[in-house]
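# Understanding the architecture of this molecule
Read off the chains here:
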Amino acid sequence: MKLFEKKTQVYGPETVSVGDFDITVDGCYRNVFIITLNVKPRHSLYVRIESDNPVDVAVANEDNSVAGHKDRITSDVLGPFSTQKFSTMGLFVGVYRGDKAKVTIDVWMER
């Protein structure tokens, strides 16, 4: 029954492209993919990353502090991160200029 599930989907799973060449942005590359996550207070947040090239991942709190980060990963689950009293958090996925990655992002919360 869905009533008793403890997992709440926040984002994805969705595949995005990071590091695309784009003449309209500064530096000509879209090196960072940013997502605003709508979360519920007092839950645990998890992030699953699957990538074909190493990426850097950071999770930020609503007060602009870092909840956690991991460098150069291709497949990992980050978390749990406490949502504390926050209603939004941020997820940043980045690559070095000139690198490109197809990244599958899956974000969920558990009570």
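Structural data are supplied above this passage.
Residues numbered from 1 in each chain as written. Predicted model: local features only at pLDDT ≥ 70, side-chain atom pairs only at ≥ 80, totals over all residues. Heavy atoms only, no water.

### Remarks on the pattern of salt bridges
Operational definition: Put simply, a salt bridge is a Lys or Arg side-chain nitrogen that is within 4 Å of an Asp or Glu carboxyl oxygen. Partly exposed describes any residue whose relative accessible area lies between the buried limit of under 20% and the exposed limit of over 50%, with all areas from a 1.4 Å probe on protein chains only and scaled to the type maximum. Numbering goes from the N terminus for both helices and strands, where a helix is a DSSP run of H or I of at least four residues and a strand is a run of E of at least two.
Taken as a whole and assessed by the stated rule, the structure comprises four salt bridges. Between Asp22 and Arg30 there is a salt bridge whose closest N-O contact spans 2.7 Å. Residue classification places Asp22 among the buried positions, given a relative accessible area of 16%. Since its relative accessible area comes to 45%, Arg30 is described here as partly exposed. Across the pair Asp106 and Arg48 runs a salt bridge, and its minimum N-O distance is 3.4 Å. You can see Asp106 sitting in strand β8 (residues 101-110) and its partner Arg48 sitting in strand β5 (residues 44-60), a full 58 residues away along the chain.

### Examining the side chain of Asn31
To keep things clear, this is the line we draw: Contact between two residues is taken to exist if any of their heavy atoms lie within 4.5 Å; hydrogens are not considered.
Within the secondary structure, Asn31 is located in the loop between β3 (29-30) and β4 (32-38). Of the residues examined, Asn31 reaches a relative accessible area of 18% and is grouped as buried. Asn31 has contacts with Val18, Gly19, Val93, Gly94, Val95, Tyr96 and Arg97, leaving out every residue within four places of it along the chain.

### Let's talk about the side chain of Ser51
Inclusion rule: Distance and chemistry together define a polar contact, namely a pair of N or O atoms within 3.5 Å, with one atom able to donate a hydrogen and the other to accept it when in protein, and with adjacent residues in sequence counting only for side-chain atoms on both sides.
Mapped onto the secondary structure, Ser51 falls in strand β5. The class of Ser51 is buried, set by a relative accessible area of 14%. Engagement of the side chain of Ser51 in a polar contact is seen with the backbone oxygen of Asn53, the distance being 2.5 Å. Other than its neighbours up to four places away in sequence, Ser51 contacts Ile73, Thr74, Ala101, Lys102 and Val103.

### Some thoughts on unusual backbone geometry
Cis rather than trans, the peptide bond between Gly12 and Pro13 has omega equal to 0 degrees. Within the secondary structure, Pro13 sits in strand β1 (residues 7-18). With an omega of 5 degrees, the peptide bond between Gly79 and Pro80 qualifies as cis. Mapped onto the elements of the fold, Pro80 is located in strand β6 (residues 66-82). Although it is not a glycine, Asn64 adopts a positive phi angle of roughly 70 degrees. Within the secondary structure, Asn64 is located in the loop between β5 and β6.

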